[in-house]
Amino acid sequence: RLAARLRADLAARAACADPVARFDALRDVLVRLRQLRYYGMQERGDWLTRRTLVVDDSETTRRLLRRSFENAGFLVDAARDGREALVCMRRTPYDLVIMDLEMPVMDGWRSTRELRAWERDAPAGVRPQRVCAVSAEPQRRDGALR
């Protein structure tokens with residue numbers, strides 16, 4: 001239940017256009033991730049592997065998020081764009097993917113759509129990955145992340 005609340009709250013708050021509000025939302029997510037680490041993982045060791053993928057074209061943002069998640073005890077991979085992220089997500093199941101929407105090469109919208117299509121065609125046992133879309137710009141909501 002905590003994971004479902006985390007996903008819903010994160011999706012709503014990370015869509016903020018204000019960079020300060022976005023940073024605050026991500027900081028709150030890290031607090032909740034620490035809660036998941038101590039409570040959820042103690043009861044179900046197979047539920048979370050603590051693997052996180054940070055996808056952003058900004059080196060500064062990638063470093064900030066990587067350090068924050070690593071300090072919370074998570075194993076972090078990073079990608080510079082949606083194409084790199086797609087390769088990573090097909091290769092490794094992540095508990096959480098923090099994905100910027102506006103990036104060069106392949107944006108977060110397209111990367112997530114292609115991931116969902118791959119997951120639908122994947123062999124049995126492949127679980128959908130949780131993707132949290134973040135952006136500094138207001139975006140249209142067209143269902144691309146379903």
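I will try to describe carefully the structure that is included in this document. (Residues numbered from 1 in each chain as written. Predicted model: local features only at pLDDT ≥ 70, side-chain atom pairs only at ≥ 80, totals over all residues. Heavy atoms only, no water.)

## Here's the deal with helix α4 (residues 82-91)
Applied cut-off: Residue burial is assigned from relative accessible area. The probe radius is 1.4 Å, only protein chains are included, and a residue is buried under 20% of its type maximum, exposed over 50%, and partly exposed in between. Helix and strand definitions here come from DSSP, where helices need a minimum of 4 consecutive H or I residues and strands a minimum of 2 consecutive E residues; each element is numbered from the N-terminal end. Think of it as the arc spanned by the lines of direction from the helix axis to the C-beta atoms. When checking whether two residues touch, look at their non-hydrogen atoms; a contact exists if any pair is within 4.5 Å. For this analysis, a polar contact is any N or O atom pair within 3.5 Å, provided that within protein one partner can donate a hydrogen and the other can accept it, and provided that sequence-adjacent residues contribute only side-chain to side-chain pairs.
If you check which residues of α4 are buried, you get G82, A85, L86, C88 and M89. Along the long axis of α4, the arc covered by the buried residues comes to 165°, so they all point the same way. Where the residues of α4 are buried, they touch β1 (51-55), β2 (75-79), β3 (96-100) and α5 (108-121). Taking the backbone nitrogen of R83 as reference, a side-chain oxygen 2.9 Å away marks D81 as the first, capping residue of α4.

## Concerning the packing of α4 against α5
In plain terms, the rule: Every angle, taken between N-to-C directions, lies between 0 and 180 degrees, and every axis is a line fitted to C-alpha atoms, over only the stretch in contact when it is a helix. The scheme is simple: roughly parallel for angles under 35 degrees, roughly antiparallel for over 145, roughly perpendicular for 65 to 115, oblique for anything else. Definitions for this section: a left-handed crossing has its near helix turned counterclockwise from the far helix by less than a right angle. A right-handed crossing has that turn clockwise. Think of it as three bins: nonpolar holds Ala, Val, Leu, Ile, Met, Phe, Trp, Tyr, Cys and Pro, charged holds Asp, Glu, Lys and Arg, and polar takes everything else, Gly as well.
At a minimum axis separation of 9 Å, α4 and α5 run at an interaxial angle of 25°. In terms of orientation, α4 and α5 fall into the roughly parallel class. Considering the relative orientation of α4 and α5, their crossing is right-handed. Contacts between α4 and α5 pair G82, A85, L86, M89 and R90 from the former with S111, E114, L115 and W118 from the latter. Residue composition of the contact of α4 with α5, by class: five nonpolar, two polar and two charged.

## Observations concerning the sheet that holds strand β4 (residues 131-134)
In plain terms, the rule: What makes two strands pair is DSSP finding at least two bridges between them.
Pairing in this open sheet of four strands is parallel, and the strands run β2-β1-β3-β4 from one edge to the other. Where the open sheet ends on each side, the last strands, each with one partner, are β2 and β4. Averaged over all neighbouring strand pairs, the angle between strand axes comes to 15°, with direction disregarded. Relative to the sheet, helix α3 (residues 59-71) contacts β1, β2 and β3, its axis offset from that of β2 by approximately 165°.

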